[in-house]
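Here's the letter readout for the chains.
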2 protein chains.
Amino acid sequence: MHITILGGGGFLGRKLAARLAREGQLDGRRVTALTLFDLNTPVPPAEAPFPIRTLAGDVTDRAALAEAIPPQTEVIFHLAAVVSAAAEADFDLGMKVNLHGTLAVLDTCRTLPKPPRVVFTSSVASFGGGQGAMVPDDGRQVPANSYGAQKAIGELLLQDASRRGFLDAVCIRLPTVMVRPGRPNKAASSFVSAVLREPLLGLPATCPVEEDFAVWICSPRRAVEWFLYAATMDTAPLGLDRGINPPGASVSVAQMLAALPQEARRLVSFVPDTTIQAIVSGWPAAFTAERARRLGFSEQEPLTEVVRAFIEDDLEATRAERATG
Amino acid sequence: MHITILGGGGFLGRKLAARLAREGQLDGRRVTALTLFDLNTPVPPAEAPFPIRTLAGDVTDRAALAEAIPPQTEVIFHLAAVVSAAAEADFDLGMKVNLHGTLAVLDTCRTLPKPPRVVFTSSVASFGGGQGAMVPDDGRQVPANSYGAQKAIGELLLQDASRRGFLDAVCIRLPTVMVRPGRPNKAASSFVSAVLREPLLGLPATCPVEEDFAVWICSPRRAVEWFLYAATMDTAPLGLDRGINPPGASVSVAQMLAALPQEARRLVSFVPDTTIQAIVSGWPAAFTAERARRLGFSEQEPLTEVVRAFIEDDLEATRAERATG
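Residues numbered from 1 in each chain as written. Chains lettered and ligands numbered in written order. Predicted model: local features only at pLDDT ≥ 70, side-chain atom pairs only at ≥ 80, totals over all residues. Heavy atoms only, no water.

Notes on the sheet that holds strand E1 (residues 2-6) of chain A
Residue and element names in this part refer to chain A. Spatially, seven strands are ordered E5-E4-E1-E6-E7-E8-E12 in an open sheet, and the strand pairing comes out parallel. With partners counted over all chains shown, the strands left at the sheet margins are strand E5 (52-56) and strand E12 (243-244), one partner each. Pairing of E1 with strand E4 (residues 33-38) involves five bridges; the strand directions are parallel. Bridge pairing in E4 links Ile3 to Leu34. Sheet strands touched by helix H5 (residues 146-163): strand E7 (117-123), strand E8 (168-174) and E12. Its angle to E7, the strand with the most contacts, is close to 155 degrees. (Pairing = 2+ DSSP bridges. Helix = DSSP H or I, 4+ residues; strand = E, 2+ residues; numbered from the N terminus. Contact = heavy atoms within 4.5 Å. Axes fitted to C-alpha atoms, helices over the stretch in contact; angles between N-to-C directions.)

As for the pairing of E1(A)
All names here are of chain A. Across the five residues of E1, four count as buried, placing the element largely inside the fold. Pairing geometry for E1 and strand E6 (residues 73-78), over five bridges, is parallel. Note that in E6 the partner of Ile5 across the bridge is Phe77. (Buried < 20%, exposed > 50% of the residue type's maximum accessible area, 1.4 Å probe, protein only.)

Examining unusual backbone geometry
Residue and element names in this part refer to chain A. Each neighbour pair has its own omega, and for Met178 with Val179 the value is 10 degrees, a cis peptide bond. Its identity as a non-glycine residue notwithstanding, Ala289 has a phi of 55 degrees, on the positive side. With respect to the element layout, Ala289 can be found in the loop between helix H10 (274-280) and helix H11 (290-295).

Concerning the interface of chain A and chain B
The extent of an interface is frequently quoted as the accessible surface area lost upon association of the parts. Contacts between the two partners involve 33 residues from chain A and, on the opposite side, 33 residues from chain B. Together chain A and chain B conceal approximately 2,700 Å² of surface at their shared face, both sides included; 57% is due to carbon and sulfur atoms. Taken as a group, A:Phe91, A:Arg140 and A:Leu156 account for 26% of the area that chain A buries against chain B, more than any other trio of residues on that side. Run the count over chain A and chain B and you get eight salt bridges. Close ionic contact of A:Glu88 with B:Arg164 constitutes a salt bridge, the shortest N to O distance being 3.9 Å. Counting across the interface, chain A meets chain B through 18 residue pairs in polar contact (both at pLDDT 80 or more). Mapped by element, the contributors of at least two residues to the side of chain A that touches chain B are helix H3 (84-89), helix H4 (91-110) and H5 of chain A. (Buried area = accessible area lost by both parts, 1.4 Å probe. Salt bridge = Lys/Arg side-chain N within 4 Å of Asp/Glu carboxyl O. Polar contact = N/O pair within 3.5 Å; in protein donor to acceptor, adjacent residues only side chain to side chain.)

A word on the relation of the copies chain A and chain B
One copy of the chain maps onto the second through a rotation around an axis plus a translation along that axis. Note on the copies: chain A fits chain B at an RMSD of 0.0 Å, the axial shift is 0.0 Å, and the rotation between them is 180 degrees. One copy is carried onto the other by what is essentially a two-fold rotation axis. Across chain A, the rotation axis passes nearest the C-alpha of A:Arg140, at a separation of 2.3 Å. (Least-squares fit on C-alpha atoms with pLDDT ≥ 70 in both.)

Overview of the side chain of B:Gln150
Residue and element names in this part refer to chain B. Inspection of the secondary structure assignment puts Gln150 in helix H5 (residues 146-163). A polar contact of 2.9 Å, which involves the side chain of Gln150, links it to the side chain of Asn98. Setting aside residues no more than four positions away along its own chain, Gln150 makes contact with Ala87, Phe91, Gly94, Met95 and Asn98.

Remarks on the sheet that holds strand E9 (residues 176-177) of chain A
Strand pairing in a sheet relies on backbone hydrogen bonds. The paired strands run either parallel or antiparallel. Residue and element names in this part refer to chain A. Spatial strand order, E9-E11-E13: three strands in an open sheet with mixed pairing. Since the sheet does not close on itself, it has two edges, and those belong to E9 and strand E13 (249-252), each with one partner. The sheet contact formed by strand E11 (residues 214-218) and E13 spans four bridges and is antiparallel. Paired with Ala214 across the strands is Ser252, a residue of E13.

Observations concerning helix H6 (residues 190-200) of chain B
Residue and element names in this part refer to chain B. With eleven of eleven residues buried, H6 is to be regarded as a mostly interior element. Listed as buried for H6 are Ser190, Phe191, Val192, Ser193, Ala194, Val195, Leu196, Arg197, Glu198, Pro199 and Leu200. Where H6 terminates, the next one or two residues include Gly202, which has phi positive at roughly 85 degrees.

Some remarks on the environment of A:Arg110
Residue placement: A:Arg110 occurs in helix H4. Considered as a pair, A:Arg110 and A:Ser126 are 16 residues apart in the sequence and their alpha carbons are 26 Å apart. A:Arg110 has contacts with A:Phe166, B:Phe91 and B:Asp92, leaving out every residue within four places of it along the chain.

Focus on the packing of aromatic side chains
Overall, the coordinates contain ten aromatic pairs over all chains when judged by the stated rule. Each ring, one from B:Tyr229 and one from B:Phe297, has its centre 5.0 Å from the other, and the planes form 75 degrees; the classification is edge-to-face. Of the two residues, B:Tyr229 is situated in helix H7 (residues 220-232) and B:Phe297 in the loop between helix H11 (290-295) and helix H12 (303-324); the sequence distance between them amounts to 68 residues. Cluster of aromatic residues (ring-pair linked, three or more members): A:Phe127, A:Trp216 and A:Phe287. (Phe/Tyr/Trp six-rings, centres within 6.5 Å; stacked < 30°, edge-to-face > 60°.)

Topic: the side chain of A:Arg140
If you trace the backbone, A:Arg140 turns up in the loop between E7 and H5. The buried category is assigned to A:Arg140, whose relative accessible area is 15%. The contacts of A:Arg140, once residues within four sequence positions are left out, are A:Phe127, B:Asp137, B:Asp138, B:Gly139, B:Arg140, B:Gln159, B:Arg173 and B:Asp241.

Observations regarding the domain arrangement of chain A
Residue and element names in this part refer to chain A. Segmenting chain A into domains produces domain 1 (2-174 + 219-244) and domain 2 (190-216 + 248-286 + 301-324). Computed from C-alpha coordinates alone, the two centres of domain 1 and domain 2 are separated by 26 Å. Every contact between the two is made by 14 residues of domain 1 and, on the other side, 19 residues of domain 2. Put simply, domain 1 and domain 2 have four salt bridges between them. The partner of Asp314 in a salt bridge is Lys15, with the nearest N and O atoms 2.9 Å apart. The interface formed by domain 1 and domain 2 contains nine residue pairs in polar contact (both at pLDDT 80 or more). (Domains from an automatic or database assignment.)

A look at the state of the cysteines
All names here are of chain A. This structure, assessed with the given rule, holds zero disulfides over all chains. For Cys207, which is in no disulfide, the shortest distance to another cysteine sulfur is to Cys218 and amounts to 19 Å. Overall, Cys207 belongs to the buried group, its relative accessible area being 1%. (Disulfide = S-S within 2.5 Å.)

A few points about the nonpolar core
Counting residues in hydrophobic clusters, the biggest one holds 72 residues, and the most contacted among them are A:Leu6, A:Leu157, A:Leu167, B:Leu6, B:Leu157 and B:Leu167. When sequence neighbours within four positions are dropped, the list of residues in contact with B:Leu157 reads A:Met95, A:Leu99, A:Ile153, B:Leu99, B:Thr102, B:Leu103 and B:Leu106. (Core = buried A, V, L, I, M, F, W, Y, C linked by side-chain atoms within 4.5 Å.)

Overview of the pattern of salt bridges
Summed over all chains, the structure comprises 48 salt bridges over all chains. Here B:Arg173 makes a salt bridge to B:Glu155, at a shortest N to O gap of 2.7 Å. One end of the pair, B:Arg173, is in strand E9 (residues 168-174); the other, B:Glu155, is in helix H5, and 18 residues separate them in sequence. As far as the burial class goes, B:Arg173 and B:Glu155 line up, both buried. Two residues, B:Glu198 and B:Arg197, come together in a salt bridge whose shortest N-O distance is 2.8 Å. On the accessibility criterion, B:Arg197 (1% relative accessible area) is buried. Among the ionic contacts, a cluster of salt bridges with common partners joins A:Arg221, A:Glu305, A:Arg308, A:Glu312 and A:Asp313.

Structural notes on the packing of H4(A) against H5(A)
All names here are of chain A. In the contact formed by H4 and H5, the axes pass within 10 Å of each other and the chain directions differ by 10 degrees. The angle between H4 and H5 falls in the class roughly parallel. The segment H4 lies against H5, with Phe91, Gly94, Met95, Asn98, Leu99, Thr102, Leu103 and Leu106 engaging Ser146, Tyr147, Gln150, Ile153, Gly154, Leu157, Leu158 and Ala161. For the contact of H4 with H5, a count of residues per class yields ten nonpolar, six polar and no charged. (Parallel < 35°, antiparallel > 145°, perpendicular 65-115°, else oblique. Nonpolar A, V, L, I, M, F, W, Y, C, P; charged D, E, K, R; others polar.)

Right, dumping it as structure tokens:
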């Protein structure tokens, strides 16, 4: 089975590649080749039981995509994206990568001899509703940011392309992924990971919202599980509707902090930030996600497990990166 | 007030232009210039109290659009589209005009000194649901055809562009418009107009569905009323959501036929067509349209009035066209 990860150099792309390398198979079938494609040449997993190609290129460049997606490709993970803060700051860049990039992926798929499975990362950012919302499976996407609009458009494109038989898409609307490694940044959602990551590194963190503020989250491990499931699931039960609200978890800041060791928890202070509050208060805090459960998508693990996995998977690398940075 | 109609040579574009020419004003402000733009040079209304430019060009051609939308343009009616049957038969053509055309309109609007009002014709074809459906105002668009997908994408693009202040859009999801002039064609919806138009011309017509089959319709006159209202309405109450389900009417074939003079009604015979039934049975037959009513969009007039208006506006021209065709 030939697999391509577009955005293979990103946070989730690297974790997905590492998982594939570790398992060597997907749903019982041997992985025979993996291509990692990103703007900068992705770093491949250290060891893998199959050949890995790493390619640098622009996702809107059809020649580069043709190389990244050879004719025998069966599964494409399309994770290449300009993230929400960047797409809001630079409209043209977001449109280029998030819209025209997806159009280029669609065009490339049409040249393959067999319609490939395409696993596309859409986002909870394509919904509004706010703290009080419980988004149903047929909830309408009225995006409040360009990233969310571009992701909702990507879903419509891949949905129609699936109906026409150009490809066979599953679009996963990812919750806010935590705990992210790296540093605090200017993204409004930065605090969701920072209030756990920074204290675990022994560093102080500030929380801009009240402790009863709730977020719809998933862990990096869970996101990868969903990607792998979406890559081989039977898509017939999806019908026309290729968008999935996966079973993440609605967690409050208080619940997040309770998952930290007590000494770490003391490093978090509450410093209200009305600018951040204004943005994040529009995000829906919960989804029913009944359809995804029926379709076989696995449940988000508890927060204590999320924290333990971060310590196991990412803490040392994050600490080392800070020391050299 | 400078106005541009993209798709100004089409059925609704011509009716809109004629109405503007007749009134000379929009919401109390004088129309000072009108540009009609279409693939073939549009035929302007016979008389108008303002200058009319007619331009031929491709809606994806940015240079042509720049000419069609001069800097002082205040209102753009974006009706240019490849219709549903054509967009289904030729995916690339539909994508070009319906998606890339709308992207080109967006880009052109960004070059104007003041964000123009853009009235965009989206479609009931962007919804599914079928005969039993009563689509609520927050109903989700899961299109079952490429035209509907492209229209839903256009809405998302114009919605985000409105939020960013590039333009100020109102997207009207038009019902099936009837009575259309012209001839019966291969569109699945052809019969909706044909069962009224053909008998009024003294010609036989066949109806491929049962007489209790219901359709969500509007008249050409009503569509033009909605366009004009959308062109000057206060968009603040719309918030992020620029999509409007206007107050059309859900009418059965039996109700349609009852609006015909008795001698005309006898010209309609029922000839079931399972292919057409399979397509049209997926169309939602009714919408709540509460939000549009609250926002001030006017009600669809009764069917007898629709028939009377067709006779007044279009019957002679249709008859003449048939005689020479």
